[in-house]
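# Geometric and topological summary
The chain contents come next:
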Amino acid sequence: MDLQHLRYQLRSGQYYLYDMREQPNAVTGTRRFKLKTDHVAIAFNLHTGEVHQHGSPLRIQSWALTMCRRLRLAGLWDEADGIVVVSGPLPVDEINKCLWIRGYCRRMFQRLATLPHGKLQAASERASTHSHDRYDRYRQQAAA
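All figures in this text were calculated on a predicted structure; none of them were measured in a lab.

Strand order in this open sheet of three strands is β5-β4-β6, and the pairing throughout is antiparallel. In this open sheet, the two strands that pair with only one neighbour each are β5 (51-55) and β6 (83-88). Taken pair by pair, the neighbouring strands of this sheet meet at an average axis angle of 10 degrees, ignoring direction.

Rendered as structure tokens:
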């Protein structure tokens, strides 16, 4: 599954999914989003780290339950047990790495407890950027 062209962005506390193959609007310079959600869920294979599905948590949980049920009915218990769903306010860069790097979900899952809250991290980065901007402006005014 080729997910290289997909990218999540966090804007106004919402996760937006964009297809980067689409050209931006000539007037606004923005792309149409494919998905807007409060939290992102990723279903993947625990053993290989391969992404099966990603998107809104309700849809991904439903897909995972259905797939596990079908695999168990077919007698494929190990494959069913290997499907893992991770959801929540994950850091955008980690979500995108899961889409772009084959097997990255397995590594992210091992570090899940230490990952920062995705939405708080974005807010703190914006705040630190703004504080640096204010500091730079202050230094420039003091030097003048």
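Read on, since the account is not over.
Time to look at the environment of K36. Looking at the element boundaries, K36 is found in strand β3 (residues 33-37). Among the residues examined, K36 registers a relative accessible area of 46% and is labelled partly exposed. Taking the C-alpha atoms as reference points, K36 and S56, separated by 20 residues in sequence, lie 8.2 Å from one another. Aside from chain neighbours lying at most four places away, what touches K36 is Q14, Y15 and Y16.

Let's shift gears to the nonpolar core. One finds Y8, Y15, I42, I95 and C98 to be the most contacted residues of the largest nonpolar core, which totals 21 residues. Of all the secondary structure elements, the ones that give two or more residues to this core are β1 (6-11), β2 (14-19), β4 (40-45), β6, α3 (92-100) and α4 (104-110). Looking at which element gives the most residues to this core, the answer is α3, with four residues. When near neighbours in sequence (up to four residues on either side) are disregarded, Y8 contacts Y15, Y16, L17, L35, V40, H54, G55, V92, I95, N96 and L99. Residues A64, C68, A80 and I83 belong to the second largest nonpolar core, which totals five residues.

Turning our eyes to something else, we now look at the environment of P89. In this structure, P89 sits in the loop between β6 and α3. Separated by 74 residues in the primary sequence, P89 and Y15 have C-alpha atoms spaced 8.9 Å apart.

Another point: the sheet that holds β1. Strand pairing in a sheet relies on backbone hydrogen bonds. The paired strands run either parallel or antiparallel. Taken together, three strands build an open sheet; the order of strands is β1-β2-β3 and the sheet is antiparallel. The sheet terminates laterally at β1 and β3, the two strands that pair on one side only. Taken over all neighbouring pairs, the strand axes of this sheet differ in orientation by 20 degrees on average, direction set aside. One ladder, built from four bridges, connects β2 with β3; its direction is antiparallel. In the strand pairing of β3, Y15 is matched with T37. Across the sheet, α3 lies against β1 and β2, angled at about 170 degrees from β1, the strand it touches most.

Another aspect to go through is the packing of aromatic side chains. Tallying each qualifying case throughout the model produces three aromatic pairs. Here F44 and F109 contribute two aromatic rings whose centre-to-centre distance is 5.8 Å and whose plane-to-plane angle is 65 degrees, an arrangement assigned as edge-to-face. Residue F44 is located in strand β4, and its partner F109 is located in helix α4; the two are separated by 65 residues in the primary sequence. Feature note: the residues Y16, Y18 and F33 constitute an aromatic cluster, connected by ring pairs. Its guanidinium or amino end placed over the ring of Y16, R11 lies 4.2 Å from that ring's centre, counting from NZ or CZ.

The rules behind these values
Residues numbered from 1 in each chain as written. Predicted model: local features only at pLDDT ≥ 70, side-chain atom pairs only at ≥ 80, totals over all residues. Heavy atoms only, no water. Pairing = 2+ DSSP bridges. Helix = DSSP H or I, 4+ residues; strand = E, 2+ residues; numbered from the N terminus. Axes fitted to C-alpha atoms, helices over the stretch in contact; angles between N-to-C directions. Buried < 20%, exposed > 50% of the residue type's maximum accessible area, 1.4 Å probe, protein only. Contact = heavy atoms within 4.5 Å. Core = buried A, V, L, I, M, F, W, Y, C linked by side-chain atoms within 4.5 Å. Phe/Tyr/Trp six-rings, centres within 6.5 Å; stacked < 30°, edge-to-face > 60°. Lys NZ or Arg CZ within 6 Å of the ring centre and 35° of its normal.

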